[in-house]
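# Breakdown of the fold
Spelled out from the first residue to the last, the chains are:
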Amino acid sequence: MIFDYHVHTALCGHARGTLDELVEAAIDKGFAEIGIADHMPLLYDENPDLAMAREQLPLYVEQVLGLKKRFAGRITVRLGIEADYDAATMEERVVMMEAYPWDYIIGSVHVLDGWIFDDPRNLDRYRDIDLDEFYAEYLYAVGSMVQTGLYDIVAHADLAKKFDMRASIDLRPHYRSLLEKVKAAGMCYEINTAGLRWPVAEMYPEPEFVRIAAELEVPVTLGSDSHSPEDVGRDFDRALQLVRSAGYTELATFEARKMGSAPI
Ligand SMILES: [Zn+2]
Ligand SMILES: [Zn+2]
């Protein structure tokens, strides 16, 4: 059973396609489920190119719940959301997390010390930082996100590599420490194929992370992080090859924030 749990919508301001086109794309691929998971309002940045505005969140939920009903019998639609972790703005985010019947919440770190490091408009700062420290800080922040206990799925776990700016340190101890937190929190992580479409030209997370995760028996799921109908389920043949080669035989599924599993 294959499905895509990380699909963005036009409400985020940087994606294309109607909701129906996204769902039809998943049906065309023969998927059993599609999880819509747009960006929750970021709260640390109100730029409409980055995420929906606060007042659009109820509309988003209503639209996805409408899809669930309309496509019932053809494909299962899940109501997901990609919510940031940013310590300074958590209070308001928690209110949003508790207000709606999410099937799952994807947890992301896109900002460190006010720097949205994965936005191509903010590349200058990479010249001034120590990349080793940046990777360590990023992975530690992801661990802090996990330890809040508020999320279900770790998004693009090694997003720090997006622009192919590489650390020189051995990242394996950092991966292991993060994955032990993921396991303790009862969460899973995603194989996110969007990295293939950025300068790094690799899936997130890298194979070594997946190998350690499989060894620790941390569950895994799949997401394209698509921002257009063409990218729904994109490169999932490669994602499946990666998880199978690490020894996984099932993927994590979610309904009403309860994790289940589906054989692959
Ligand atoms: Zn993200
Ligand atoms: Zn995303």
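In case you missed it, the structure is sitting above this.
Residues numbered from 1 in each chain as written. Chains lettered and ligands numbered in written order. Predicted model: local features only at pLDDT ≥ 70, side-chain atom pairs only at ≥ 80, totals over all residues.

What follows covers the overall build of the chain. Summing up its helical and strand segments, the chain has 7 helices and 11 strands in all. In terms of C-alpha radius of gyration, the chain reaches 17 Å, essentially the compact-globule figure of 18 Å for 264 residues. Out of the 264 residues in the chain, the part that is buried amounts to 43%. Counting only contacts in the chain whose residues sit at least 6 apart along the sequence, the fraction spanning at least 24 positions is 77%. (Helix = DSSP H or I, 4+ residues; strand = E, 2+ residues; numbered from the N terminus. Rg over C-alpha atoms; globule rule 2.2 N^0.38 Å. Buried ≥ 20, exposed ≤ 12 C-beta atoms within 10 Å, placed from the backbone. Contact = placed C-beta atoms within 7 Å.)

This paragraph deals with the nonpolar core. If you look at the biggest cluster of nonpolar residues, it comprises 68 residues, and the most contacted ones within it are I34, V142, I153, V154, V182, Y189 and V220. The biggest single contributor to this core is helix α4 (residues 131-147), with 6 residues. Setting aside chain neighbours within four positions, we find Y189 in contact with I153, V154, A157, V182, P205, A213, V218 and V220. (Core = buried A, V, L, I, M, F, W, Y, C linked by C-beta atoms within 7 Å.)

With 13 residues, helix α5 (residues 172-184) extends 18 Å between its outermost C-alpha atoms, agreeing within 8% with the 18 Å of an ideal straight helix rising 1.5 Å per residue. Buried residues along α5 sit against α4, β7 (153-154), β8 (188-192) and α6 (207-215). (Expected span 1.5 Å × (residues − 1).)

This part covers the packing of α5 against α6. One can describe the packing of α5 onto α6 by two numbers: an axis separation of 10 Å at closest approach and a directional angle of 45°. Taken as axis vectors, α5 and α6 run oblique relative to one another. Where α5 crosses over α6, the two elements pack in a sense that is right-handed. Contacts between α5 and α6 involve R172, Y175, R176 and L179 from the former and E208, F209, I212 and A213 from the latter. For the contact of α5 with α6, the per-class residue count stands at 5 nonpolar, no polar and 3 charged. (Axes fitted to C-alpha atoms, helices over the stretch in contact; angles between N-to-C directions. Parallel < 35°, antiparallel > 145°, perpendicular 65-115°, else oblique. Left-handed = near helix turned anticlockwise from the far one by under 90°. Nonpolar A, V, L, I, M, F, W, Y, C, P; charged D, E, K, R; others polar.)

Now for the pairing of strand β11 (residues 258-263). Burial of β11 is sparse: only 0 of the 6 residues sit out of reach of the surface. Where strand β10 (residues 250-255) and β11 come together, 6 bridges link them in antiparallel fashion. What sits directly across from A252, in β11, is S261. If you look at the hairpin formed by β10 and β11, you'll find 2 residues sitting between the two strands, and A256 has a positive phi there, around 50°. (Pairing = 2+ DSSP bridges.)

The next point concerns unusual backbone geometry. In this model, Y204 is joined to P205 through a cis peptide bond whose omega is -15°. By the element assignment, P205 lies in the loop between β8 and α6. Here A201, not a glycine, exhibits a phi torsion of approximately 55°, which is positive. You can see A201 is positioned in the loop between β8 and α6.

Among the 7 residues that make up strand β2 (residues 33-39), 6 are buried, leaving the element largely enclosed by the rest of the structure. Each parallel crossover has a hand, and the one from strand β1 (residues 3-7) via helix α1 (residues 19-28) to β2 is right-handed. Sheet topology note: the β2/strand β3 (residues 76-84) ladder contains 7 bridges and is parallel. Of the residues in β3, the one forming a bridge with A37 is G80. With respect to chirality, the unit in which β2 leads through helix α2 (residues 57-70) into the neighbouring parallel β3 is right-handed. (Right-handed = clockwise from strand over helix to strand, strands pointing away.)

The complete set of buried residues in α1 reads L19, L22, V23, A25 and A26. For α1, the buried positions fall inside an angular range of 155° around the axis, keeping them on one side. Along α1, exposed side chains directed more than 90 degrees from the buried face belong to D20 and D28. The inward-facing, buried residues of α1 abut β1, β2, α2 and β3. The positive-phi residue at the C-terminal boundary of α1 is G30, with phi of around 80°. (Arc of directions from axis to C-beta.)

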